[in-house]
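Notes for the structure review
Now for the letters of each chain:
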Amino acid sequence: MSFFDILGLALRNLREAKLRAALTTMGVVIGVAVIVTMTSFGLGLQRNTVERFKNLDLFNEVQVFGRDLNTVLESQLDRKPEPASEGGENKEPKKPGNKRQAKSSERPLTDAALGEIAALPGVAYVEPTVRFSVYARANDRVRQELIGGVRVPNGASRFQHFAAGQMLGAKETDAAIVDESFISEHGFKQAADAIGQRIEFLAPPDEVGSLSNASRRNEGGAEQRASGKAEKEAGISSSPTRRADDTAAESDNTTAALGEATAETETDEPLTFFGLPLEDSGESSRAGGSGLVARTFRIVGVLKNEVEKGSGGNRRFRGMMPAANIYIPLRAANEWKATHRGMMEQVALQLARRSGLIDTEETEGYQAATVRVSDPAAMKNVVERLRESGFNVFGLFTELDEIRTFFLIVNATLGLLGGISLLVASFGIANTMIMSILERTREIGIMMAVGAEDREIKLIFFVEAAVIGLMGGIVGALAAWSIDKLSNRLAYQFILAPRGEPFIDFFSLPPYLWLGAILFAMAVAVAAALYPAARAARIDPVKALRHD
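Being a predicted model, the structure only gives us computed values, none of them experimental.

1. A few points about the overall build of the chain
- Regarding its fold elements, the chain presents 19 helices and 15 strands.
- A total of 548 residues make up the chain; the buried ones form 45% of that total.
- Within the chain, residue pairs in contact and separated by at least 24 positions form 81% of the contacts whose partners lie at least 6 positions apart.
- Carbon and sulfur atoms make up 57% of the accessible area of the chain, which amounts to about 28,700 Å² in all.

2. Digging into the pattern of salt bridges
- Enumeration over the complete set of coordinates arrives at ten salt bridges.
- The salt bridge involving Arg-372 is made with Glu-61; its shortest N-O contact spans 3.0 Å. You can see Arg-372 sitting in strand β14 (residues 368–373) and its partner Glu-61 sitting in strand β1 (residues 61–65), a full 311 residues away along the chain.
- Its salt-bridge partner being Glu-453, residue Arg-455 comes within 4.0 Å of it at the nearest N-O pair.
- Classification of Arg-455 by relative accessible area gives exposed; the value is 53%.
- Taking relative accessible area as the criterion, Glu-453 reaches 45% and is therefore assigned partly exposed.

3. Quick notes on the sheet that holds β14
- Ordered by their spatial adjacency, four strands build an open sheet running β2-β14-β1-β15, and the pairing between neighbours is antiparallel. Pairing within the sheet leaves two strands with one partner each, and these edge strands are β2 (123–128) and β15 (392–394). Between one strand axis and the next, the sheet turns through 25° on average, direction left out of account.
- Here β2 pairs with β14 via five bridges, running antiparallel. Considered in β14, the bridge of Tyr-125 is made with Arg-372.
- Helix-sheet contacts for helix α13 (residues 379–388) involve β1, β2, β14 and β15, and the interaxial angle to β1 is about 0°.

4. Observations concerning the nonpolar core
- Counting 51 residues, the largest nonpolar core has Ile-117, Phe-182, Ile-199, Phe-201, Ile-326 and Ile-328 as its most contacted members.
- When residues of this core are assigned to domains, at least three fall in each of domain 2 (61–129 + 370–394) and domain 3 (130–365).
- Core analysis: the second largest hydrophobic core is formed by 38 residues, Ala-425, Ala-465, Val-524 and Ile-539 among them.

5. Some thoughts on empty space enclosed by the protein
- Enumeration according to the criterion identifies three cavities of 30 Å³ or more in this entry.
- Of the pockets and cavities examined, the second largest cavity occupies roughly 50 Å³.
- Together, Pro-128, Thr-129, Val-130, Arg-131, Gly-148, Gly-149, Met-321, Pro-322, Ala-324 and Tyr-327 line the second largest cavity.
- Residues of the lining of the second largest cavity, tallied by class, amount to six nonpolar, three polar and one charged.

6. Overview of helix α17 (residues 511–528)
- Taking 1.5 Å as the rise per residue, α17 with 18 residues should run 26 Å; its terminal C-alpha atoms sit 26 Å apart, in good agreement.
- By the burial criterion, the buried members of α17 are Leu-513, Ala-517, Ile-518, Ala-521, Val-524, Ala-525 and Ala-528. Across the axial projection of α17, the buried residues extend over an arc of 135°, all falling on one side. The exposed residues of α17 that point more than 90 degrees off its buried face are Tyr-512 and Leu-519.
- Structurally, α17 contributes buried residues whose contacts are with α2 (18–55), α14 (400–439), α16 (454–496) and α18 (530–537).

7. Overview of the packing of α14 against α16
- Across the interface, α14 lies against α16 with an axial gap of 11 Å and an inter-helix angle of 140°. Relative to α16, α14 is oriented oblique. The handedness of the crossing between α14 and α16 comes out as right-handed. Along its contact with α14, which presents Ile-429, Met-433, Ser-436 and Ile-437, the element α16 presents Phe-461, Glu-464, Ala-465 and Ile-468.
- When grouped by side-chain class, the residues that make up the contact of α14 with α16 number six nonpolar, one polar and one charged.

8. Digging into the environment of Leu-11
- Note that Leu-11 resides in helix α1 (residues 3–16).
- For Leu-11, a relative accessible area of 34% translates into the label partly exposed.
- When the C-alpha positions of Leu-11 and Ile-468 are compared, they lie 9.8 Å apart, and in sequence the two are 457 residues distant.

9. Brief notes about a nonpolar patch on the surface
- Taken together, the side chains of Leu-470, Ile-474, Val-475 and Leu-478 make up a nonpolar region of the molecular surface, amounting to roughly 320 Å² of accessible area.
- By the element assignment, Ile-474 lies in helix α16.
- A residue is classified by how much of its surface remains accessible, and Ile-474, at 37% relative accessible area, is partly exposed.

10. A short note on the packing of α1 against α16
- Here α1 crosses α16 at 60°, and the two axes come no closer than 9 Å. Crossing of α1 against α16: the hand is right-handed. Residue-level contacts link Phe-3, Ile-6, Leu-7, Leu-9, Ala-10, Leu-11, Asn-13 and Leu-14 of α1 to Leu-459, Ile-460, Val-463, Glu-464, Val-467 and Ile-468 of α16.

11. Some details on the packing of aromatic side chains
- All chains considered together, the criterion is met by seven aromatic pairs.
- Ring geometry for Phe-159 and Tyr-327: centres 5.0 Å apart, planes at 85°, overall edge-to-face. Taken together, the residues Phe-159 in the loop between β4 (141–150) and β5 (162–165) and Tyr-327 in strand β13 (residues 326–329) connect sequence positions 168 residues apart.
- Their ring planes at 70° and their centres at 5.7 Å tell us that Tyr-492 and Phe-503 sit as a pair that is edge-to-face. Of the two residues, Tyr-492 sits in helix α16 while Phe-503 sits in the loop between α16 and α17, which places them eleven residues apart along the sequence.
- Overall, the relative accessible area of 42% leaves Phe-503 in the partly exposed class.
- Connected via pairs of aromatic rings, a cluster forms that spans Phe-132, Phe-201, Phe-297 and Trp-336.

Criteria and cut-off values
Residues numbered from 1 in each chain as written. Predicted model: local features only at pLDDT ≥ 70, side-chain atom pairs only at ≥ 80, totals over all residues. Heavy atoms only, no water. Helix = DSSP H or I, 4+ residues; strand = E, 2+ residues; numbered from the N terminus. Buried < 20%, exposed > 50% of the residue type's maximum accessible area, 1.4 Å probe, protein only. Contact = heavy atoms within 4.5 Å. Areas by Shrake-Rupley, 256 points an atom, 1.4 Å probe, with all protein chains shown as cover. Salt bridge = Lys/Arg side-chain N within 4 Å of Asp/Glu carboxyl O. Pairing = 2+ DSSP bridges. Axes fitted to C-alpha atoms, helices over the stretch in contact; angles between N-to-C directions. Core = buried A, V, L, I, M, F, W, Y, C linked by side-chain atoms within 4.5 Å. Domains from an automatic or database assignment. 1 Å grid on protein atoms, 1.4 Å probe; cavity = no way out; pocket = protein on both sides within 12 Å on 5 of 7 lines; lining within 4 Å. Points joined across faces, edges and corners; volume = space filled by probe spheres on them. Nonpolar A, V, L, I, M, F, W, Y, C, P; charged D, E, K, R; others polar. Expected span 1.5 Å × (residues − 1). Arc of directions from axis to C-beta. Parallel < 35°, antiparallel > 145°, perpendicular 65-115°, else oblique. Left-handed = near helix turned anticlockwise from the far one by under 90°. Patch = residues over 30% accessible without salt bridge, like charges linked within 9 Å, V, L, I, M, F, W, Y side chains within 5 Å. Phe/Tyr/Trp six-rings, centres within 6.5 Å; stacked < 30°, edge-to-face > 60°.

Pasting the structure below:
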């Protein structure tokens, strides 16, 4: 018999037992619907999670950390002295200038290192992290603000949405962009009112003017020529190597004169805190604060805050770059931070240089930097190269494999639970086939008597089971699709919409899922027919012809 003859015979047999075939097929439908629904829910969770991280631009960037000066310094200064030699004299101590003795194997993130990272294949740009806090005055209000230095121009996704104004220009050295929280804190009615306004960075009277002096010293110094190559390769502003020494020398004079300056200004100036005015408005504050202005910037743009819906108004930050309230050009941020070092930073830097961990003409480098790749597919190779170079790397991309493994376990568990339903349906298929054999024993005997082979007898039952599996799989996939759509609609109407949340598709039904479910249902049905088909092929034709 040809395959089409066998197919026609199988369909005829199923039509003769419509109710039994329908009930058996219904078991397959339920099993397939459960498998597809539960698995699509797991896939939907995975898709929504990954897309959320992608929308936050967290898979294109990683944070690179260089040598931590404090950690290296503590590990060197806390070393125990060498035991005395046999002659009673102490062994010659190891030279502290050997920086390889440090327990930390991390490299410093200097401008040269940043240029090396920028030259790696797949790296779009490298941006060092420069952050500090200052008292900033704008619109006659003084607030403590967090400042961040940024490259100009800058391709980060964070600087793509502005409530007013635009991004910093390449030639704007004293320009700044702020966020909307800065606008509200300093009393601007709207973002457009802040464009063109001044921001004054305040510092103690003894330090006012030191920044401009340091800038003039750095403009034509040899350190710019030494770091020019790194600037061209990395596309970033370098930190002058001699700036820290000049700052250290100035800090000694500053510390010595701090008491004098404080005593002189106590009687003539309004109430202050370490030289900073406590009042944020009024004539006395404006008069007394004029000598505290160390540097002035002009607002050219206001970043638009993105708020997470349903998170209580929490702000959304894109990328791995640390957030700040005010962003200024990277060079200006480096100059300010080098000139207005905190007391702890000055002590750490001096100890590191005296112990030989850092050369006299060497800077401590940046603590961290943000590395962005041009294609997420190149991220793995870039991360491996960075770690081979001696840097610590952190990014959510490094956790992507763990995320995928987690959802693989979840999807497998959900699919297994649905597979139990299909397994139960397979027993119904086997029972239907056995009942069909008992009813058609005489017919099978006649077929074998006229020359039908055992293979053909088995194939008839396999085709019948496959048809049941195919019909049940198709209907089950359609049922799962309907359940997914209905569940999404109900979730939006009764859960998301009342909270002001947008529509979310909780299910993901890719073609390979429902096609795989249909094929799996057919395979289970055929497997369930193995025993009935083998039993039918073993029937004795003589006994079958005598069967009523």
